[in-house]
Amino acid sequence: MANTIVLGMQWGDEGKGKIVDLICPAFDAVARFQGGHNAGHTVKFADRHFALHLLPSGILHPGVTCILGNGMVIYPEAFLKELEEVTAAGVAAEGRLWLSDRAQVILPVHVALDGAREQALGKQKIGTTIRGIGPSYEGKAARYGLRLGDLQADDLEAKLERLLAWLSPELAALEADPPPTVAELVTLCRGWAERLKPYLQETSGRIHDLLDDGRSILFEGAQGALLDIDHGTYPYVTSSNATAGGACTGTGVPPTQISGALGVLKAYTTRVGGGPFVTELHDDTGEHLRRRGNEFGTTTGRPRRCGWLDAVAARHSRRLNGIGTIALTKLDVLDELDEIQMCVGYRYRGERLRHMPTRLDILSEVEPEYRSFPGWKTPTVGILDVADLPAAARDYIAALEQEVGAPVGLVSTGPRREETILIDRPEVHGLLGDRTADVLRHRDGG
Ligand code: GDP
Ligand code: IMO
Ligand code: MG
């Protein structure tokens, strides 16, 4: 029985949603632990297509409990809308969807502030999703934030007064629209409290009850390690810990209960928003990756910046997260290329750097050292056995394993569940326990 963390190893959009949905049958519960509706996780199977932002990607599995942990920031309107959408699609959520009463609330003023700050930053903007994520986490750290449990509290009005006292001067200075009155916010929050009531829980205690009963939990990361507020390319990051430690603080589960981490790694790199990107391509190959990989944001629709796989950055992620197995995604996007490059080192003013530098002025200046691979020029979509992959693709994967320092256990060759190779190796069985057969059945449409 495994309690596994699934994490993005790059700057998000690695295909976490697809992988979580695929391996769900091996787990009893799926928990999100950080971020909010800045995430966009796509799940496709047969002719169905879901874009999930707040709900864990386990929601499409009727027997799986879905948890939105205390480390998240929740815009109740977005939660309720998404719930309505999946309900309309025939998904029954009540009773198996738990929302932490400790999670922070995102209010419309946070969204307004996010937008006004970005506009004021001009060329230096972070390129946020303008969902109010940063301002809400900021309120949490500064201790004037509102938690979901507070929506029902007797002193809600006083809490909102305090919150507005913090945010209003900045909104005014940025010439943003004036915020709603405290009375308007109280009405909004009380309405949310009523509608969220069936889902609000003290989730940490309930997760421990599950663990005590021998149930297994999958922790679904959002964003990626390079967007982590501590370990990413600060300040061009999100405002939460998207690395493995976030799964513990964001749910209340101690590290001793975690079995390991599965890192989702795209066969090339993408990034949305600003910040350094060592292997970015501004040429026809970059355009080819964007078009072939359909690299447009699930949340904002923005075109994603594209480039070669950066094994230096992926190694940094592997170490930070204790990645024991890699789920390699979007290999098929490379199918038509004559030549494929992988960055295996950074050069800075004549010196070879062993690790990703902290300072962005250095990271912006480093030159990638590339290793070149011949393309396989044949479709890999839908291949189910690793032995059936073209030899050149297997060579690329072997080199990646060596450079990053962890074995590849899953290879994704298309957006659908059924387009995934599960490699028969101990790491994969360790991850899925005695339920590997259930995952295979699920992949094959059972
Ligand atoms: P997430 O945020 O990590 O869950 O990733 P997104 O869903 O934002 O972006 C990944 C995109 O790639 C989605 O459109 C997926 O449907 C798609 N996708 C996932 N795996 C594969 C794959 O192996 N091949 C192809 N071509 N598309 C994939
Ligand atoms: P998933 O879970 C890719 C990026 C934004 C911006 C920075 C800060 O789908 O992989 P924020 O709104 O969080 O304050 O924005 O982080 N970003 C993502 N990029 N995938 C995501 O989520 C992202 N969530 C945030 O583009 O650069
Ligand atoms: Mg995404």
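Before any of the text, the structure's been laid out above.
Every chain begins its residue count from 1, and numbering advances along the sequence as written. Working convention: letters from A go to chains and numbers from 1 go to ligands, in the order in which they are written. Given that this is a predicted model, residues contribute local features only at a pLDDT of at least 70 and side-chain atom pairs are listed and counted only at 80 or more, while totals for whole chains, interfaces and linings are drawn from all residues. With hydrogens and water excluded, all non-hydrogen atoms of the structure serve as input to the side-chain values.

A.B. asks: Is there a simple way to explain the site of ligand 2 in this structure?
C.D. replies: When we say a residue is near a molecule or strand, we mean one of its heavy atoms is within 4 Å of it. Taken together, 20 residues are adjacent to ligand 2, and Asp13, Lys16, His41, Thr129 and Thr238 come closest. Each accessible area is a Shrake-Rupley estimate made with a 1.4 Å probe; only the visible protein chains count as cover when residues are assessed. Protein burial of ligand 2: of its 540 Å² of free accessible surface, 97% is covered by the chains. Gly is put with the polar residues, along with every residue not named as nonpolar or charged; the nonpolar set is Ala, Val, Leu, Ile, Met, Phe, Trp, Tyr, Cys and Pro, and the charged set is Asp, Glu, Lys and Arg. Of the residues that constitute the shell around ligand 2, the class distribution is seven nonpolar, 10 polar and three charged.

A.B. asks: Is there a simple way to explain the nonpolar core in this structure?
C.D. replies: The nonpolar side chains of a soluble globular protein tend to be buried, and buried together. By size, the foremost hydrophobic cluster in this structure holds 70 residues, and its most contacted members are Ile23, Phe79, Leu97 and Leu107. Helix and strand definitions follow DSSP, with helices as H or I runs of at least four residues and strands as E runs of at least two, each counted in order from the N terminus. Top contributing element to this core by residue count: helix H6 (residues 182-196), with seven residues. A contact between two residues is defined here by any heavy atoms of the two lying within 4.5 Å. If we skip the residues at most four places from it in the chain, Leu97 touches Leu55, Ile59, Cys66, Leu68, Phe79, Leu83 and Tyr199. In this description, a nonpolar core means a group of buried Ala, Val, Leu, Ile, Met, Phe, Trp, Tyr and Cys residues linked to one another through side-chain atoms lying within 4.5 Å. Note on classification: 1.4 Å probe, protein chains only; a residue is buried when its accessible area is under 20% of the maximum for its type, exposed when over 50%, partly exposed between these limits. Residues Ile5, Ala29, Val253 and Ala311 belong to the second largest nonpolar core, which totals 55 residues.

A.B. asks: In this structure, what is going on with the packing of helix H3 (residues 108-121) against helix H5 (residues 156-173)? I would like to understand it.
C.D. replies: Packed helices, taken two at a time, are described by their axes: the angle between them and the distance between them. Fitting a line to C-alpha atoms yields each axis, with helices limited to the stretch in contact; the angle taken between N-to-C directions then spans 0 to 180 degrees. Where H3 contacts H5, the axes come no closer than 11 Å and their chain directions differ by 25 degrees. Here H3 lies roughly parallel to H5, going by the angle between them. Two packed elements cross with a definite hand, and for H3 against H5 that hand is left-handed. Across from Val109, His110, Ala112, Leu113 and Arg117 in H3, the residues of H5 making contact are Leu163, Leu164, Leu167, Glu170 and Leu171. Tallied by class, residues from the contact of H3 with H5 come to seven nonpolar, one polar and two charged. Working definition: roughly parallel below 35 degrees, roughly antiparallel above 145 degrees, roughly perpendicular at 65 to 115 degrees, and oblique for all remaining angles. Should the near helix be turned counterclockwise from the far one by less than a right angle, the crossing is left-handed, whereas a clockwise turn marks it as right-handed.

A.B. asks: Is there a simple way to explain the packing of aromatic side chains in this structure?
C.D. replies: For Phe, Tyr and Trp, where Trp contributes only its six-membered ring, two rings pair if their centres lie within 6.5 Å, and the inter-plane angle classes them as stacked under 30 degrees, edge-to-face over 60, or tilted in between. Using the criterion set out here, one finds seven aromatic pairs in the structure. Note on Trp11 and Phe277: the rings are 5.4 Å apart at their centroids and 50 degrees apart in plane angle, and the pair reads as tilted. Taken together, the residues span a long stretch of sequence, with Trp11 in the loop between strand E1 (4-8) and helix H1 (16-23) and Phe277 in the loop between strand E12 (269-271) and helix H9 (284-292) at a distance of 266 residues. What makes Phe277 buried here is its relative accessible area of 8%. For the pair Phe45 and Phe50, a centre-to-centre distance of 6.3 Å together with 20 degrees between the ring planes defines the contact as stacked. Taken together, the ring pairs connect Phe373, Trp376 and Tyr396 into an aromatic cluster. In this structure, Arg206 is placed above the aromatic ring of Trp98, and the distance from its NZ or CZ to the ring centre is 4.0 Å. Two thresholds decide whether a charge sits over a ring: the Lys NZ or Arg CZ must be within 6 Å of the ring centre and within 35 degrees of the ring normal. Sitting above the plane of the Phe45 ring, Arg417 keeps its charged end 3.6 Å from the centroid.

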